[in-house]
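Fold and contact review
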Amino acid sequence: MAKMMHCSPEEVRSWPWSDVVRLLAYSALEREEFDRRVQQNPGASRRTPASGPTTNTTVYRFGPRPAPKR
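This text gives an overview of the structure that appears in the document. (Residues numbered from 1 in each chain as written. Predicted model: local features only at pLDDT ≥ 70, side-chain atom pairs only at ≥ 80, totals over all residues. Heavy atoms only, no water.)

1. Observations regarding the overall build of the chain
Convention followed: For helices the rule is a DSSP run of H or I covering at least 4 residues; for strands it is a run of E covering at least 2, with both sets numbered from the N terminus onward. Burial status follows relative accessibility: with a 1.4 Å probe on protein chains alone, a residue under 20% of its type maximum counts as buried, one over 50% as exposed, and anything between as partly exposed.
Within the chain one finds 2 helices and 0 strands. Burial status across the chain gives 13% buried among its 70 residues.

2. Concerning the pattern of salt bridges
Condition: By definition, a salt bridge exists where a carboxyl oxygen of Asp or Glu is found within 4 Å of a side-chain nitrogen of Lys or Arg.
According to the stated counting rule, one finds 4 salt bridges in the structure shown. Among the salt bridges present, the one from Arg-13 reaches Glu-10, with a minimum N-O distance of 3.7 Å. Taken together, the residues span about one helical turn, with Arg-13 and Glu-10 both in helix α1 (residues 9–13) at a distance of 3 residues. Assigned by exposure class, Arg-13 and Glu-10 land together as exposed. Salt-bridge contacts for Arg-37 lead to Glu-33; the nearest nitrogen and oxygen are separated by 3.2 Å. One end of the pair is Arg-37 and the other is Glu-33, both in helix α2 (residues 17–40) and 4 residues apart, which spans about a single turn. Since its relative accessible area comes to 47%, Arg-37 is described here as partly exposed.

3. Observations concerning α2
Selection rule: One fewer than the residue count of a helix, multiplied by 1.5 Å, yields its expected span. Any two residues whose heavy atoms approach within 4.5 Å are treated as being in contact.
Between its first and last C-alpha, α2 extends 35 Å over 24 residues, near the 34 Å set by a 1.5 Å rise per residue. The complete set of buried residues in α2 reads Asp-19, Val-20 and Leu-23. Buried residues along α2 sit in contact with α1.

Below is the structure:
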């Protein structure tokens, strides 16, 4: 997870457990959704759509806030 958030393992260890658990749960849900889409449409990632409207989805991910420095 530290690689995913571009943080050192030491920094992640300092995060509150509730933030870590929330992030892990969110990642698991995201993976399940991806797997479900791939199973429903297995060749979609390999072929280009012939025609029709296309959409782009932008996903913003925010990590836990760092602890305040004292």
